[in-house]
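Descriptive analysis of the structure
In case you want the letters, here they are:
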Amino acid sequence: MGYGGPHAAFLATSQEYKRMMPGRIIGISVDSSGKQALRMAMQTREQHIRRDKATSNICTAQALLANMAAMYAVYHGPAGLKSIAQRVHGLAGIFSLGLNKLGVAEVQELPFFDTVKIKCSDAHAIADAASKSEINLRVVDSTTITASFDETTTLDDVDKLFKVFASGKPVPFTAESLAPEVQNSIPSSLTRESPYLTHPIFNMYHTEHELLRYIHKLQSKDLSLCHSMIPLGSCTMKLNATTEMMPVTWPSFTDIHPFAPVEQAQGYQEMFENLGDLLCTITGFDSFSLQPNAGAAGEYAGLMVIRAYHMSRGDHHRNVCIIPVSAHGTNPASAAMCGMKIITVGTDAKGNINIEEVRKAAEANKDNLAALMVTYPSTHGVYEEGIDEICNIIHENGGQVYMDGANMNAQVGLTSPGFIGADVCHLNLHKTFCIPHGGGGPGMGPIGVKNHLAPFLPSHPVIPTGGIPQPEKTAPLGAISAAPWGSALILPISYTYIAMMGSGGLTDASKIAILNANYMAKCLEKHYPVLFRGVNGTVAHEFIIDLRGFKNTAGIEPEDVAKRLMDYGFHGPTMSWPVPGTLMIEPTESESKAELDRFCDALISIREEIAQIEKGNADVQNNVLKGAPHPPSLLMADTWKKPYSREYAAFPAPWLRSSKFWPTTGRVDNVYGDRKLVCTLLPEEEQVAAAVSA
Ligand SMILES: *Cc1c(COP(=O)(O)O)cnc(C)c1O
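Owing to the predicted nature of the structure, the values given are computational and were not obtained by experimental measurement. (Residues numbered from 1 in each chain as written. Predicted model: local features only at pLDDT ≥ 70, side-chain atom pairs only at ≥ 80, totals over all residues. Heavy atoms only, no water.)

Some thoughts on the UniProt feature "domain: Glycine cleavage system P-protein N-terminal" (unreviewed entry) in the chain
When the UniProt feature table is mapped to this numbering, "domain: Glycine cleavage system P-protein N-terminal" (unreviewed entry) covers residues 1-165 and 181-458. From the first C-alpha to the last, residues 181-458 spans 49 Å; its make-up is 32% helix and 11% strand. (UniProt positions renumbered as here; feature names shortened; annotations may be inferred. Helix = DSSP H or I, 4+ residues; strand = E, 2+ residues; numbered from the N terminus.)

Now the structure itself:
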């Protein structure tokens, strides 16, 4: 429950619409030796390529939780899930039968599964009495109440409920004694006859040991921060400390229902208030909404706040949003979702936003200008010198400044969006503030605003007091998330981080993150061109190395370098964003000098491998970069026809001798995966047949 989140939701479609689904589908492709390999299908078609035409603005989603739900089905299997459901239905049936026998309340004659609706004289009194036995009933109105049962409910709980409803009179039966009389009451027209969860995976792992090994087998294929630094630019892959993570598992945080009365969630309420205050101090804003569930959800919420503000002033026509080409794809996708008209502005040779272009666009649209979306430090990894001027231009022409806060790790304690001149910004708590990325989510994207926008922050129809959802009348912007405080359960991670670091620690973290990036840029500049730098020749907390030249000299593209890094035991940096043909590297403050050196050494060694191609010592098509990654199945096959040695393919650096993270597939065929969209995992034997027939 987690007081409302995080939680996963799934979306299914017929074949007809499959290519319009957001790029979050794991599809099946083949690797370099024709083996089945999984990859995210159609991923490049989403925000970064399609921008304002993307099907959704969702980037960070709820991948980790989708896996939890999947593992629940894997463990219980079709038979297990059905027996859980039958037991839950049975408990609801016992409850319904018992109440009828007691004759104290009227059970509504509705087909039910797990929830029974009851008419009684005083719903609030009953709910209060039940809550003393730690059972939550939902009050619908003063004479209607619902009771829901799940697999954690026991016969004992049902007995307690009978006592509550009998209000002091003796109950002449027990839940157990009623069980034999209870019948399945699900209408036959609603009963499923067809088989489900027929894939072997849902039918193999039904003991804890088996499940443990299955999960561990999957986990061991994933390279994580447990193995090495993950230098993904713009993602801020910093340490997720154990102390920060612990509260997520505490029942006092996990077991709170989103409708829980605030009196029963005082700890949560105190944390929201303190965290909101701390985030205001950090960002230089006046008010925070903790509702958005990720950065892109924050963008949407923030733009809706700006829209509501313009409307409150009678400026219904203000719908133009200026966005630089270098912006993250979620920016135009979010603006499009808000119904805004997007005007793109370019950047100059140094990577800075072209201020004259901004001025022209703002002035030409001054009657309809709604907002500018801008990232600072820029997505090019430099502190944009003209940022205050840019904010001024927008304000002078009637617009509001939305700052994308993904790069906050380069600002905390040193400057702030509020100070710079932004009106609203989101924070990616899963980047700057230590919530782990969970393979793509959950995240949190709270937004901060200046005073003039505070009245327009998201509201929520669930007033979490009496447990009764009621519409709130005042705020013009309604809910932008299902729960009033978004993914409340993961907020203790960021709260703990900020509390433990203190203002001195947070400022040091920013300084060290910037220092680390500059150290790496310096180490690498002799080997790769560093694309953009600020006026002092320095970068911010991340930087871009330019690989475009190698396409001509050696036929090498960023993907080849990223895949070869896997042989060195590293995750590739962010590829071809925001500039095609480049790699963006962000070390964060969490990495030691030794780890930074190790990563630089890998890239320098790869540069030498490229040089061998440039010099003609290695073949342009058939070389150690194009062949990467090298999984054991390839290296240990009986035949080896590559022009380089197996040993060099697998052990190009000394540290790999003592500990090597083995890739599990060869190079995955991207085009094949997108053309042949297959999302159903085939059993091993069928995989091979499918690969052959394709
Ligand atoms: C990560 C990121 C986003 C999107 O945030 P999500 O939490 O993934 O939705 C937006 N802008 C920039 C610059 C980012 O790095």
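So that's the structure; there's more coming.
Section: the pattern of salt bridges
Within the structure shown, the criterion is met by 19 salt bridges. The shortest N-O distance in the salt bridge between D315 and R318 comes to 3.2 Å. Here R564 ties to D567 by a salt bridge, and the two come within 2.8 Å at their closest N and O atoms. Of the two residues, R564 and D567 both sit in helix α17 (residues 558-567), three residues apart, roughly one turn of that helix. Take R564 and D567: they sit in the same class, and that class is buried. The network of salt bridges with shared partners includes E356, R359 and E389. (Salt bridge = Lys/Arg side-chain N within 4 Å of Asp/Glu carboxyl O. Buried < 20%, exposed > 50% of the residue type's maximum accessible area, 1.4 Å probe, protein only.)

Examining helix α10 (residues 295-312)
Across its 18 residues, α10 extends 25 Å between first and last C-alpha, which sits within 8% of the 26 Å expected from 1.5 Å per residue. Taking burial as the measure, the 18 residues of α10 include 13 buried ones, the bulk of the element. The positive-phi residue at the C-terminal boundary of α10 is G314, with phi of around 80°. (Expected span 1.5 Å × (residues − 1).)

Some remarks on the environment of P324
Among the secondary structure elements, P324 is positioned in strand β8 (residues 320-324). Along the primary structure P324 and T379 are separated by 55 residues, whereas in three dimensions their C-alpha atoms are 10 Å apart. Look past the residues within four positions of P324 in its chain and what remains in contact with it is R51, T344, V345, I353 and M373. (Contact = heavy atoms within 4.5 Å.)

A closer look at the nonpolar core
By size, the foremost hydrophobic cluster in this structure holds 58 residues, and its most contacted members are Y3, Y268 and F272. Taken together, the elements giving at least two residues each to this core come down to α9 (266-283), β8, β9 (341-345), α12 (355-364), β10 (369-375), α13 (387-396), β11 (400-404) and α15 (491-524). Looking at this core element by element, the count peaks at seven residues for α9. If we skip the residues at most four places from it in the chain, F272 touches Y3, L290, W485, A488 and L491. (Core = buried A, V, L, I, M, F, W, Y, C linked by side-chain atoms within 4.5 Å.)

Brief notes about the sheet that holds strand β7 (residues 287-289)
Pairing is mixed in the open sheet, where seven strands are placed in the order β7-β13-β12-β11-β10-β8-β9. One side of each edge strand has no neighbouring strand; the edge strands of this open sheet are β7 and β9. Across this sheet, the average inter-strand angle for adjacent strands is 20°, counted without regard to direction. Summarising the sheet, β11 and strand β12 (residues 424-426) pair through three bridges and their orientation is parallel. Each residue of the ladder has a partner; that of D404, found in β12, is H426. Relative to the sheet, helix α11 (residues 330-337) contacts β8, β9, β10 and β11, its axis offset from that of β8 by approximately 170°. (Pairing = 2+ DSSP bridges. Axes fitted to C-alpha atoms, helices over the stretch in contact; angles between N-to-C directions.)

Observations regarding the UniProt feature "modified residue: N6-(pyridoxal phosphate)lysine" (unreviewed entry) in the chain
In the numbering used here, UniProt assigns the feature "modified residue: N6-(pyridoxal phosphate)lysine" (unreviewed entry) to K431. Of the residues examined, K431 reaches a relative accessible area of 10% and is grouped as buried. If near-sequence neighbours (up to four positions away) are discounted, K431 is found in contact with S234, C235, T236, K238, A406 and H437.

Considerations on the domain arrangement of the chain
Annotation of the chain at the domain level lists domain 1 (70-190), domain 2 (277-486) and domain 3 (508-663). The C-alpha centroid of domain 3 is placed 34 Å from the C-alpha centroid of domain 2. In this assembly, 20 residues from domain 2 lie in contact with 19 residues from domain 3. Of the roughly 1500 Å² buried at the junction of domain 2 and domain 3 (both faces included), carbon and sulfur atoms supply 62%. The largest share of the area that domain 2 buries against domain 3 comes from H380, G381 and N409, three residues that together contribute 35% of it. Across the domain 2-domain 3 interface, the total number found is zero salt bridges. Our count for the domain 2 to domain 3 interface comes out at four residue pairs in polar contact (both at pLDDT 80 or more). Residues belonging to the side of domain 2 that touches domain 3 are distributed by class as follows: eight nonpolar, 10 polar and two charged. (Domains from an automatic or database assignment. Buried area = accessible area lost by both parts, 1.4 Å probe. Polar contact = N/O pair within 3.5 Å; in protein donor to acceptor, adjacent residues only side chain to side chain. Nonpolar A, V, L, I, M, F, W, Y, C, P; charged D, E, K, R; others polar.)

Focus on the site of the ligand
Contacts to the ligand come from 14 residues, most closely from S234, G295, D404, H430 and K431. Tallying contributions element by element places α10 first for the shell around the ligand, with three residues. Taken together, the residues of the shell around the ligand break down into four nonpolar, seven polar and three charged. (Near = heavy atom within 4 Å.)

Regarding the packing of α12 against α13
Here α12 crosses α13 at 10°, and the two axes come no closer than 9 Å. What the angle tells us is that α12 and α13 run roughly parallel. Facing I355, V358, R359 and A362 of α12, the residues of α13 in contact are E389, I390, I393 and I394. (Parallel < 35°, antiparallel > 145°, perpendicular 65-115°, else oblique.)

What to know about the packing of aromatic side chains
Evaluation of the coordinates by the stated rule reveals 20 aromatic pairs. Taken together, a centroid distance of 4.7 Å and an interplanar angle of 35° make the contact between Y3 and Y268 tilted. In this pair, Y3 sits in the segment before β1 (25-30) while Y268 sits in helix α9, placing the two residues 265 residues apart along the sequence. Each member of the pair, Y3 as well as Y268, is classed as buried. For the ring pair Y376 and Y383, a centre distance of 5.8 Å and an interplane angle of 65° mean the geometry is edge-to-face. Classification of Y383 as partly exposed rests on a relative accessible area of 25%. Through a chain of ring-to-ring contacts, the aromatic side chains of Y3, W250, F253, Y268, F272 and W485 assemble into a single cluster. Lying over the aromatic face of W655, R598 brings its terminal NZ or CZ to 5.1 Å of the ring centre. Residue placement shows K660 over the ring face of W662; its charged tip is 4.9 Å from the ring centre. (Phe/Tyr/Trp six-rings, centres within 6.5 Å; stacked < 30°, edge-to-face > 60°. Lys NZ or Arg CZ within 6 Å of the ring centre and 35° of its normal.)

Side note on the sheet that holds strand β6 (residues 144-148)
Overall, antiparallel pairing links the four strands, which are arranged β3-β4-β6-β5 in an open sheet. Taken across any chain shown, the strands that pair with only one partner, and hence form the sheet edges, are β3 (106-107) and β5 (138-141). With three bridges joining them, β5 and β6 adopt antiparallel strand pairing. Paired with V139 across the two strands is I145, which belongs to β6. Sheet strands in contact with helix α2 (residues 63-102) are β3, β4 (115-119) and β6, and its direction is about 20° off that of β4.

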